[in-house]
Amino acid sequence: MAAHTDRYQNAAARYFEAWNATGPEAVAKAVAAAWTADGGYTDPLADVRGHAQIADVITAAHEQFPGFVFRPLGAVDGHHDTARFGWELVNEADGSAPVAGFDVVTLDDEGRIRQVLGFLDRVPSGA
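Predicted model, so just to flag it, every value in this text is computed and none were measured.

Undergrad: How should the pairing of strand 5 (residues 99-107) be read in this particular structure?
TA: Sheet analysis places strand 4 (residues 82-91) next to strand 5, joined by eight bridges and oriented antiparallel. Across the sheet, the residue bridging to R84 is V104, located in strand 5. Examined bridge by bridge, strand 5 and strand 6 (residues 113-122) share eight bridges and lie antiparallel to one another. Bridge assignment links G101 to a residue of strand 6, and that residue is L120. With antiparallel pairing between neighbouring strands as the criterion, strand 5 and strand 6 make up a hairpin whose turn holds five residues, including G111 at a positive phi of roughly 85 degrees.

Below is the structure:
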């Protein structure tokens, strides 16, 4: 059981590393480490596939919310090739978290993300 739990935890950790990477090279490297080459990311605001498009979504989030980082919210849970976890977007200056969501990811045999289905639970008006 621990090996499976580690698989989900490791995938989520790489996911958060990608979302918190800064600079084009760091984002590209982190996305490549977390996702399969043809991996996808879908949420209410984006539906993209491939490393370059995923990196573009991450970069756009950083541009919209400068000074914010993505943090896990609760435990990572999983079974088979699927994991789920909550997250929040935290302002490093004051600790506020105006955005929060929940993601479901499918993994390949090596634990890399094939697909993310994201849900936004808390979004500020006008965002």
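Undergrad: Just to check I follow, could you spell out helix 2 (residues 24-34) for this structure?
TA: Along an α-helix, residues three or four positions apart point the same way, because every turn accommodates 3.6 residues. Looking at helix 2, one finds that the buried residues are V27, A30, V31 and A34. For helix 2, the arc enclosing every buried residue in end-on projection is 100 degrees, short of the 170-degree limit, so these residues lie on one face. Looking at helix 2, the residues exposed on the side facing more than 90 degrees away from the buried face are E25 and K29.

Undergrad: Before we go on, may I ask you to explain helix 3 (residues 51-64) in this structure?
TA: For helix 3, with 14 residues, the first-to-last C-alpha span of 20 Å sits near the 20 Å given by 1.5 Å per residue. Among the residues making up helix 3, those that are buried are I54, A55, V57, I58, A61 and H62. Buried residues along helix 3 cover an arc of 155 degrees about the axis, so they all sit on one side. Exposed and oriented more than 90 degrees from the buried face of helix 3 are A52, D56 and E63.

Undergrad: Sorry, what's going on with unusual backbone geometry here?
TA: Outside of glycine, negative phi angles account for most residues, and trans bonds account for most peptide bonds. Unusually for a residue other than glycine, H80 sits at a positive phi of about 50 degrees. Mapped onto the elements, H80 comes out in the loop between strand 3 (68-79) and strand 4. A relative accessible area of 66% means that H80 is categorised as exposed.

Undergrad: For this particular structure, what's the right way to read the sheet that holds strand 1 (residues 35-43)?
TA: Backbone-to-backbone hydrogen bonds join strands into a sheet, with any given pair of strands oriented parallel or antiparallel. Ordered in space as 2-1-6-5-4-3, the six strands form an open sheet in which the pairing is mixed. In the strand order of this sheet, the two ends are held by strand 2 (46-49) and strand 3, each with one partner. Taken pair by pair, the neighbouring strands of this sheet meet at an average axis angle of 20 degrees, ignoring direction. For strand 1 and strand 2, the ladder comprises four bridges, and the chain directions are antiparallel. The partner of G40 across the bridge, within strand 2, is R49. Taken strand by strand, helix 2 contacts strand 1 and strand 6, and its axis lies near 100 degrees from that of strand 1. Each of strand 1, strand 2 and strand 3 is contacted by helix 3, which is oriented at about 45 degrees to strand 1, the strand it contacts most.

Undergrad: Looking at this model, I keep getting lost on the packing of aromatic side chains. Mind explaining?
TA: Remark: the centre distance and the inter-plane angle together describe each pair of aromatic rings, the angle taken between the planes. Under the definition given, this model contains nine aromatic pairs. Taken together, a centroid distance of 6.2 Å and an interplanar angle of 55 degrees make the contact between Y15 and W19 tilted. Of this pair, Y15 and W19 both sit in helix 1 (residues 2-20), four residues apart, which is roughly one turn of the helix. Accessibility assignment for this pair places Y15 and W19 in one class, buried. Pairwise contacts between aromatic rings join Y15, F16, W19, W35, Y41, F70, F85 and W87 into one cluster.

How each quantity is defined
Residues numbered from 1 in each chain as written. Predicted model: local features only at pLDDT ≥ 70, side-chain atom pairs only at ≥ 80, totals over all residues. Heavy atoms only, no water. Pairing = 2+ DSSP bridges. Helix = DSSP H or I, 4+ residues; strand = E, 2+ residues; numbered from the N terminus. Buried < 20%, exposed > 50% of the residue type's maximum accessible area, 1.4 Å probe, protein only. Arc of directions from axis to C-beta. Expected span 1.5 Å × (residues − 1). Axes fitted to C-alpha atoms, helices over the stretch in contact; angles between N-to-C directions. Contact = heavy atoms within 4.5 Å. Phe/Tyr/Trp six-rings, centres within 6.5 Å; stacked < 30°, edge-to-face > 60°.

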